[in-house]
Every structure is written in C-alpha cells, then in structure tokens.
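# Observations on the model geometry
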Amino acid sequence: KESEEFMRSFNSMLDEQMDDPEFATVFEAEIERLNAAVAVSRAREEARLTQEQLAERSGVSRVTINRIERGKLNPSMKTLSRLARAMGKQVRVSIS
C-alpha cells in the first residue's frame with residue numbers, strides 16, 4: 001500500500017512538472033535515451049554477442065556501444081540501424 005501511495009504522489013508531481021515545457025523536453029529526451037539503452041542492450045544479449053563482437057560486426061566502436069547501453073549517449077538512427085543490422089535485426093520507430 002505504501003508503494004501505491006508513493007507512485008500516486010510521484011505521478012502527481014511528474015504531471016505538474018510536465019506542464020513546464022522545458023522540463024518536458026528534457027524529460028522526454030532522457031526517456032528516449034534510456035529506451036535506446038535498454039533496447040540495444042537487450043537485443044545484443046538476445047543475439048548472444050559481446051560488446052566487442054557487436055563492435056566488430058557493426059563498425060561502431062565498443063566504447064560507443066558501451067555509452068549507448070549505459071544511457072550516456074543518445075544514438076542516431078544511422079548508428080541504431082548499423083547495430084541492428086549487425087544483430088540481424090531492424091529498427092522500428094513508433095509514434096504514439
């Protein structure tokens with residue numbers, strides 16, 4: 001029950017913050033970066049590749065892959081496509 005109350009309180013605070021266009025822009029960019037990080041990491045693990053192997057196959061440096069997976073770098077569509085192809089996958093974009 002405490003966790004439910006916390007989430008309601010958090011969501012209420014977030015809703016208020018999202019009314020600020022500057023905050024909303026920064027927040028949404030952060031969510032995009034984290035979504036890319038999780039997607040690349042999961043796809044790499046599903047392909048049973050190390051970061052080094054993915055780097056060799058894709059031509060994207062291991063350091064860059066590491067930064068993407070840690071959410072430190074927001075990859076371009078070109079980079080995501082290179083990584084996806086190297087894993088036998090494709091990038092899909094969703095607008096909702």
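About the criteria used
Residues numbered from 1 in each chain as written. Predicted model: local features only at pLDDT ≥ 70, side-chain atom pairs only at ≥ 80, totals over all residues. Heavy atoms only, no water. Buried < 20%, exposed > 50% of the residue type's maximum accessible area, 1.4 Å probe, protein only. Helix = DSSP H or I, 4+ residues; strand = E, 2+ residues; numbered from the N terminus. Arc of directions from axis to C-beta. Contact = heavy atoms within 4.5 Å. Phe/Tyr/Trp six-rings, centres within 6.5 Å; stacked < 30°, edge-to-face > 60°. pLDDT = per-residue confidence, 0-100. Core = buried A, V, L, I, M, F, W, Y, C linked by side-chain atoms within 4.5 Å.

Quick look at helix α5 (residues 77-86) now. Every buried residue of α5 is accounted for by Thr79, Leu80, Leu83, Ala84 and Ala86. Buried positions in α5, seen along its axis, are confined to an arc of 165° and lie on one side of it. Among the exposed residues of α5, those pointing more than 90 degrees away from its buried face are Lys78 and Arg85. Where the residues of α5 are buried, they touch α2 (21-46), α3 (51-58) and α4 (62-69). One or two steps after α5, the chain reaches Gly88, where phi turns positive at roughly 70°.

Inspection of the entire model under this criterion finds 2 aromatic pairs. Seen in terms of ring centroids, Phe6 and Phe10 are 6.3 Å apart; in terms of plane orientation they differ by 20°. Their pairing is stacked. You can see Phe6 and its partner Phe10 sitting in helix α1 (residues 2-18), 4 residues apart, about one turn around the helix. Of the residues examined, Phe6 reaches a relative accessible area of 52% and is grouped as exposed. A relative accessible area of 36% places Phe10 in the partly exposed class. Each ring, one from Phe23 and one from Phe27, has its centre 5.8 Å from the other, and the planes form 20°; the classification is stacked. Within this pair, Phe23 and its partner Phe27 are both found in helix α2, separated by 4 residues, close to a single helical turn.

A few words on the confidence of the model for the chain. Across the chain, the average pLDDT comes to 93, with 100% of residues at or above 70. Within the chain, α3 carries the highest mean pLDDT (98), whereas α1 carries the lowest (89).

Before going further, it helps to spend a moment on α4. Taken residue by residue, α4 has Ile65, Ile68 and Glu69 as its buried positions. Summarising the axial view, the buried residues of α4 lie within an arc of 95°, below the 170-degree limit, and thus occupy one face. Contacts made by the buried residues of α4 are with α2, α3 and α5. After α4 finishes, the residue Gly71 shows a positive phi value of roughly 75°.

Turning to the nonpolar core, a few remarks are in order. Among the nonpolar cores identified, the biggest contains 12 residues, and these are Val40, Ala43, Leu49, Leu54, Ala55, Val60, Ile65, Ile68, Leu80, Leu83, Ala86 and Met87. For this core, the secondary-structure elements that each account for two or more residues are α2, α3, α4 and α5. It is α5 that contributes the most residues to this core, 3 residues altogether. Discounting residues that sit within four places of it in the chain, Ile68 has contacts with Ala36, Ala37, Val40, Leu73, Pro75, Thr79 and Leu83.

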